[in-house]
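Structure at a glance
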Amino acid sequence: MNKKLVSAAVAATMVLSLGAMASADDAKTVGILMPTQSSERWINDGANMKAQLEEKGYNVELQYAEDDTAQQVSQLENYIGKQVDCLVIAAIDSGVLVNAEAQAKEAGIPIIAYDRLLMDTDAVSYYATFDNKGVGTVIANYIKEHKDLDAAREAGESYTIEFFMGSPDDNNALFLYNGIMEVLQEYLDDGTLVCKSGRTSFEDTCILRWSQETAQANCENILTANYADEDLDIACTAFDGFAYGVKAALLGAGYSADNWPLVTGQDAEVMATKNIIDGTQTMSIYKDTRLLASKAVTMVDAVLQGTEPEINDTEQYDNGAIVVPTYMCTPVAVDQSNYQEVLIDGGYYTEDQLK
Ligand code: BGC
């Protein structure tokens, strides 16, 4: 190469790399807040969001608060101080975030609510979630079909059932409970389902911060107090973590394959899927976190690039201040009959992960 060509090539390289630096510097930053790493689903949600946003050229900051509400508030304040361009929030208890969200709005930082609705704020632009009431109806319909409650009713038979519902500070939990009761209430009313503890209301069955330990303790107490002479037939739980707690309580109370109840869950975590395979959990709800992340990413694009996000609900999610435009993904029941097709063939897990 002659001298002229060399310097032209150097100059071109400099222009290219300066260009790349400029575009990296210009890239907008998205601050993501996730509730906890104690449950696998949120780890997947965070990783999927980060990867998908980075692929689109955004800078991403990702923080977990380990179910500590004060920590999540300070993480949010920190993002606002750093002047991130957009916030994506999966709240622990959205009630405590209201003031900081107002500050974000003041600072011109748009907010996307992720999976859990942000309550009592007008600072939220969009909400990406699963059909939370739908999760409840899918769980309850699974129970209805697999225990054939209509046939039991005809025959004058009954099943015992206990409920382990979600956190009262998470809007999703009441939606899910309402979905369950929309299907099961009539069978509780006519005695086809018998809840021996008498704990059927949301207030009596909700579990703060979705705690596995509390679910286990509640189940142990219920089994001791109410099921000395009769088996529990159905443990209707709202979360895989609860199903793990219930499993430990059932093992402790001497349950075995012969009298193991139908146990429900939510999230189709790896451990839950293994339990489904070995029969200690009956079903779970598969929520494809890749899909949810992709919907949230379209919302980030919408607020930062002025595009139109896909919305399929403009009525259900009233947060007390505004009705938040929402995209709801569809939950799917998984059990022994379809986990292979849905989870493995669908590329969510590899066969090896489930060994
Ligand atoms: C989510 C569920 C999850 C639960 C506990 C809810 O807000 O929608 O998928 O199981 O939190 O982490």
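Residues numbered from 1 in each chain as written. Predicted model: local features only at pLDDT ≥ 70, side-chain atom pairs only at ≥ 80, totals over all residues. Heavy atoms only, no water.

**What about the pairing of strand S4 (residues 111-114)?**
The condition is simple: The cut-offs for exposure are 20% and 50% of the maximum accessible area for each residue type, with area from a 1.4 Å probe on protein chains only; residues under the lower value are buried, those over the upper are exposed, and the others partly exposed. By the criteria applied, helices consist of DSSP H or I runs no shorter than four residues and strands consist of E runs no shorter than two, each listed in order from the N terminus. Whether two strands pair depends on DSSP finding at least two bridges between them. Whether a crossover is right-handed depends on one test, that the path from the first strand over the helix to the second runs clockwise when the strands point away from the viewer.
The side-chain alternation of S4 yields two buried faces, one formed by Ile111 and Ala113 and the other by Ile112 and Tyr114. Relative to S4, strand S3 (residues 86-89) is paired through three bridges, and the arrangement is parallel. Within the sheet, the bridge partner assigned to Ile89 lies in S4 and is Ala113. Once you follow S3 into helix H4 (residues 98-106) and on to S4, the crossover reads as right-handed. For S4 and strand S5 (residues 124-130), the ladder comprises four bridges, and the chain directions are parallel. Pairing of Tyr114 across the sheet is with Ala128, part of S5.

**Brief notes about the site of the ligand**
Rules: Definition of nearness: a residue and a molecule or strand are near each other if at least one heavy atom of the residue lies within 4 Å of the molecule or strand. Pairing of N or O atoms within 3.5 Å defines a polar contact, subject to two protein rules: one partner must be a possible hydrogen donor and the other a possible acceptor, and residues neighboring in sequence count only if both atoms are side-chain atoms. For the accessible areas, the method is Shrake-Rupley and the probe is 1.4 Å, while residue cover comes only from the protein chains on display. Three residue categories are used. Nonpolar comprises Ala, Val, Leu, Ile, Met, Phe, Trp, Tyr, Cys and Pro, charged comprises Asp, Glu, Lys and Arg, and polar comprises the others, including Gly.
All residues adjacent to the ligand are Arg41, Trp42, Asp115, Arg116, Asp170, Asn172, Trp210, Phe239, Gln266, Asp267 and Lys287. Within the side chain of Asp170, a nitrogen or oxygen atom sits 2.6 Å from an oxygen atom of the ligand. Take Asp267: an N or O atom from its side chain is 2.7 Å from an oxygen atom of the ligand. Compared with its free state, where it exposes 310 Å², the ligand has 98% of that area covered by protein. In terms of residue class, the shell around the ligand is built from three nonpolar, two polar and six charged.

**Looking at the environment of Phe163**
For the record, the criterion: Here a residue-residue contact requires only that any non-hydrogen atoms of the pair lie within 4.5 Å.
Along the chain, Phe163 turns up in strand S6 (residues 159-164). Through-space distance from the C-alpha of Phe163 to that of Ser201 is 9.0 Å; in sequence the pair is 38 residues apart. With sequence-adjacent residues up to four places away left out, Phe163 is seen in contact with Ile180, Met181, Leu184, Leu188, Cys195, Arg199, Thr200, Thr205 and Cys236.

**Observations concerning the nonpolar core**
As a rule of thumb, nonpolar side chains are buried together in soluble globular proteins. Using the following cut-off: Side-chain atoms within 4.5 Å are what join buried Ala, Val, Leu, Ile, Met, Phe, Trp, Tyr and Cys residues into a set we call a nonpolar core.
Residues Ile139, Ile143, Ile161, Phe163, Met165, Ile180 and Leu184 are the most contacted members of the largest nonpolar core, which totals 46 residues. Listed by contribution, the elements that provide at least two residues to this core are helix H5 (132-146), S6, helix H7 (171-189), helix H9 (212-226), strand S8 (234-237), helix H10 (240-252) and strand S9 (262-263). If one sorts the elements of this core by residue count, H7 sits on top with nine residues. The contact partners of Ile143, leaving out residues within four places of it in the chain, are Asp148, Leu149, Ile161, Leu184, Ile234, Cys236, Leu262 and Thr264.

**Observations concerning helix H2 (residues 40-55)**
What counts is decided by this rule: Expected helix span is given by 1.5 Å per residue-to-residue step, counting one fewer step than there are residues. Each C-beta atom gives one direction from the helix axis, and the arc is the one those directions make.
The first and last C-alpha atoms of H2 sit 23 Å apart over 16 residues, in line with the 22 Å expected at 1.5 Å per residue. Turning to H2, its buried residues are Arg41, Trp42, Asp45, Gly46, Asn48, Met49 and Leu53. Looking down the long axis of H2, one finds its buried residues gathered within 170 degrees of arc, a one-sided arrangement. Close packing links the buried residues of H2 with strand S1 (29-34), strand S2 (59-64), S3, S4 and helix H12 (289-305). Directly after H2, the chain includes Gly57, whose backbone phi takes a positive value near 95 degrees.

**Some words on the sheet that holds S3**
Spelled out, the test is: The axes are straight lines fitted to the C-alpha atoms, using for helices just the contacting stretch, and the angles between their N-to-C directions are given from 0 to 180°.
Spatial ordering of the open sheet is given by S2-S1-S3-S4-S5-S11, a layout of six strands whose pairing is parallel. Strand pairing shows two members of the sheet lacking a second neighbour, S2 and strand S11 (326-329), which therefore form its edges. Averaged over all neighbouring strand pairs, the angle between strand axes comes to 15 degrees, with direction disregarded.

**Notes on the packing of H10 against helix H11 (residues 270-278)**
What counts, and what does not: Working definition: roughly parallel below 35 degrees, roughly antiparallel above 145 degrees, roughly perpendicular at 65 to 115 degrees, and oblique for all remaining angles. Helix crossings fall into two classes, left-handed where the near helix is turned counterclockwise from the far one by less than a right angle and right-handed where it is turned clockwise.
Close contact between H10 and H11 brings their axes to 10 Å; oriented N to C, the two are set at 50 degrees. The angle between the axes of H10 and H11 places the two elements in the oblique class. Pair H10 / H11 crosses with left-handed handedness. Contact residues: H10 offers Asp240, Tyr244 and Lys247, while H11 offers Met271, Ala272, Asn275 and Asp278.

**Digging into the packing of aromatic side chains**
Put simply, the rule is: Pairing of aromatic rings covers Phe, Tyr and the six-membered ring of Trp, with a centre-to-centre limit of 6.5 Å; geometry is then stacked below 30 degrees between planes, edge-to-face above 60, and tilted otherwise. By the criterion adopted, a ring carries a charge over it if an Arg CZ or a Lys NZ lies within 6 Å of its centre and within 35 degrees of its normal.
Following the criterion strictly, the structure yields eight aromatic pairs and no others. An angle of 80 degrees between the planes, with centres 5.7 Å apart, marks the rings of Trp210 and Phe239 as edge-to-face. Highlighted residues: Trp210 in the loop between helix H8 (202-205) and H9 and Phe239 in the loop between S8 and H10, separated in sequence by 29 residues. With 4.8 Å between their ring centres and 75 degrees between their planes, Tyr286 and Tyr348 make a pair best called edge-to-face. Taken as a pair, Tyr286 in strand S10 (residues 284-286) and Tyr348 in the segment after helix H13 (339-344) lie far apart in primary sequence, 62 residues in all. Tyr286 gets classed as buried once you look at its relative accessible area, which sits at 8%. Using a relative accessible area of 13% as the deciding quantity, one classes Tyr348 as buried. An aromatic cluster of three or more residues is present, and its members are Tyr127, Phe175 and Tyr317. Above the ring of Tyr227, the side-chain terminus of Lys196 is found at 5.4 Å from the ring centroid. Here the basic side chain of Lys295 rests over the ring of Tyr327, its NZ or CZ set 4.4 Å away from the ring centre.

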